[in-house]
Amino acid sequence: MERLKKVMFVNALSSGATGLLLIVLSENIAELFKVSNGIPLVAVGAFLVAFACLVYYASRRSQEKPQGVKLVITLDIIWVLVSVLILITDAFRLSPVGNLAVSLVAIWVALMAYLQHRYLRDGSSNTKNLVNT
């Protein structure tokens, strides 16, 4: 479970930092992404800060309440799927830099989801092994 907590801490830290950057630098990022308005970036940033708090909280309770970890994994998977949809449909007509950023973040989030799932599963099987011995 220690690995799971570490990965979730990294997820919380990266989500929170990204959220704060989107809030503080929304207009600059909007210009870089070639979108007309930074308000949606502020909204995404606020979501990420709240998500970071959820991830951190779930990581501290992962042994007693694995449902929180499962919720985080589900939200990470949804983020990846929405990112792919944005890229495929070109819904926001992002600049190449914007598309690259969305792609890289989606890859990072997919990695977080994979590692969280793996370490949650490994931790669950370790707990079962202890009980069965």
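Anything mentioned here points back to the structure above.
Here the structure is a predicted model, which is why all the values come from computation and not from measurement.

Enquirer: Where do I start with the overall build of the protein chain in this structure?
Expert: Per the secondary structure count, the protein chain includes five helices and zero strands. The N-to-C order of helical and strand elements in the protein chain reads α-α-α-α-α. C-alpha atoms of the protein chain, sized along the principal axes, occupy 60 × 25 × 15 Å. Burial statistics for the protein chain: of 133 residues in total, 33% are counted as buried.

Enquirer: Teacher, can you tell me more about the packing of aromatic side chains here?
Expert: The geometry of an aromatic ring pair comes down to the distance between the two centres and the angle between the two planes. For the coordinates displayed, the defined rule picks out three aromatic pairs. Their ring planes at 65 degrees and their centres at 6.5 Å tell us that F9 and Y56 sit as a pair that is edge-to-face. Within this pair, whereas F9 is found in helix α1 (residues 2-24), its partner Y56 is found in helix α3 (residues 39-60), the two being separated by 47 residues in sequence. Using a relative accessible area of 40% as the deciding quantity, one classes F9 as partly exposed. Ring centres of F47 and F51 lie 6.0 Å apart, and the angle between their planes is 20 degrees; this geometry places the pair in the stacked category. On the criterion of helical spacing, the pair formed by F47 and F51 is a turn pair, its members being four residues apart in helix α3. The exposure class assigned to F47 is partly exposed, which follows from its relative accessible area of 40%. Following the ring pairs from residue to residue traces out a cluster consisting of F47, F51 and W79.

Enquirer: Explanation requested: the layout of surface pockets in the structure shown.
Expert: Space left empty within the atom packing is revealed by a probe, the size of a water molecule, rolled over the atoms. One number sums up the size of the largest pocket: a volume of about 950 Å³. In terms of lining, the largest pocket is formed by 32 residues, of which the most central are L22, L41, V44, W79 and V102. Here the lining of the largest pocket gets seven residues from one element, more than from any other, and that element is helix α4 (residues 66-89). Residues of the lining of the largest pocket, tallied by class, amount to 24 nonpolar, seven polar and one charged.

Enquirer: Got a minute to help me understand helix α2 (residues 26-33) in this structure?
Expert: Helical periodicity: at 3.6 residues per turn, an α-helix aligns residues three or four positions apart in one direction. All of the buried residues along α2 are S26, I29, A30 and F33. Each buried residue of α2 lies within a common arc of 105 degrees when the element is viewed along its axis, so the set occupies one face. When the buried face of α2 is taken as reference, the exposed residues oriented beyond 90 degrees from it are N28 and E31.

Enquirer: Looking at this structure, I do not really get a nonpolar patch on the surface. What am I missing?
Expert: On the surface, a nonpolar cluster with roughly 670 Å² of combined accessible area is contributed by F9, V10, L13, Y56, W108, L111 and Y114. Put simply, the parts of the chain that give the nonpolar patch at least two residues each are α1 and α5 (96-132). Exposure remark for L111: the relative accessible area of 37% places this residue in the partly exposed category.

Enquirer: Looking at this structure, how should I read α1?
Expert: Taking 1.5 Å per residue as the helical rise, α1 with its 23 residues ought to reach 33 Å, and the 33 Å between its terminal C-alpha atoms agrees with that figure. For α1, the set of buried residues is L4, K5, V7, M8, N11, A12, S15, G16, G19 and L22.

Enquirer: Where do I start with the pattern of salt bridges in this structure?
Expert: Note that side chains of opposite charge can pair when their charged atoms are close. Applying the stated criterion across every chain yields a total of three salt bridges. Across the pair R93 and D90 runs a salt bridge whose closest N-O atoms are separated by 3.5 Å. Its relative accessible area of 62% is what places R93 among the exposed residues. Among the residues examined, D90 registers a relative accessible area of 30% and is labelled partly exposed. Linked by salt bridges that have partners in common, R118, R121 and D122 make up one network.

Conventions used here
- Residues numbered from 1 in each chain as written.
- Predicted model: local features only at pLDDT ≥ 70, side-chain atom pairs only at ≥ 80, totals over all residues.
- Heavy atoms only, no water.
- Helix = DSSP H or I, 4+ residues; strand = E, 2+ residues; numbered from the N terminus.
- Buried < 20%, exposed > 50% of the residue type's maximum accessible area, 1.4 Å probe, protein only.
- Phe/Tyr/Trp six-rings, centres within 6.5 Å; stacked < 30°, edge-to-face > 60°.
- 1 Å grid on protein atoms, 1.4 Å probe; cavity = no way out; pocket = protein on both sides within 12 Å on 5 of 7 lines; lining within 4 Å.
- Points joined across faces, edges and corners; volume = space filled by probe spheres on them.
- Nonpolar A, V, L, I, M, F, W, Y, C, P; charged D, E, K, R; others polar.
- Arc of directions from axis to C-beta.
- Patch = residues over 30% accessible without salt bridge, like charges linked within 9 Å, V, L, I, M, F, W, Y side chains within 5 Å.
- Areas by Shrake-Rupley, 256 points an atom, 1.4 Å probe, with all protein chains shown as cover.
- Salt bridge = Lys/Arg side-chain N within 4 Å of Asp/Glu carboxyl O.
- Expected span 1.5 Å × (residues − 1).

Function cannot be read off these values alone, since they describe shape.
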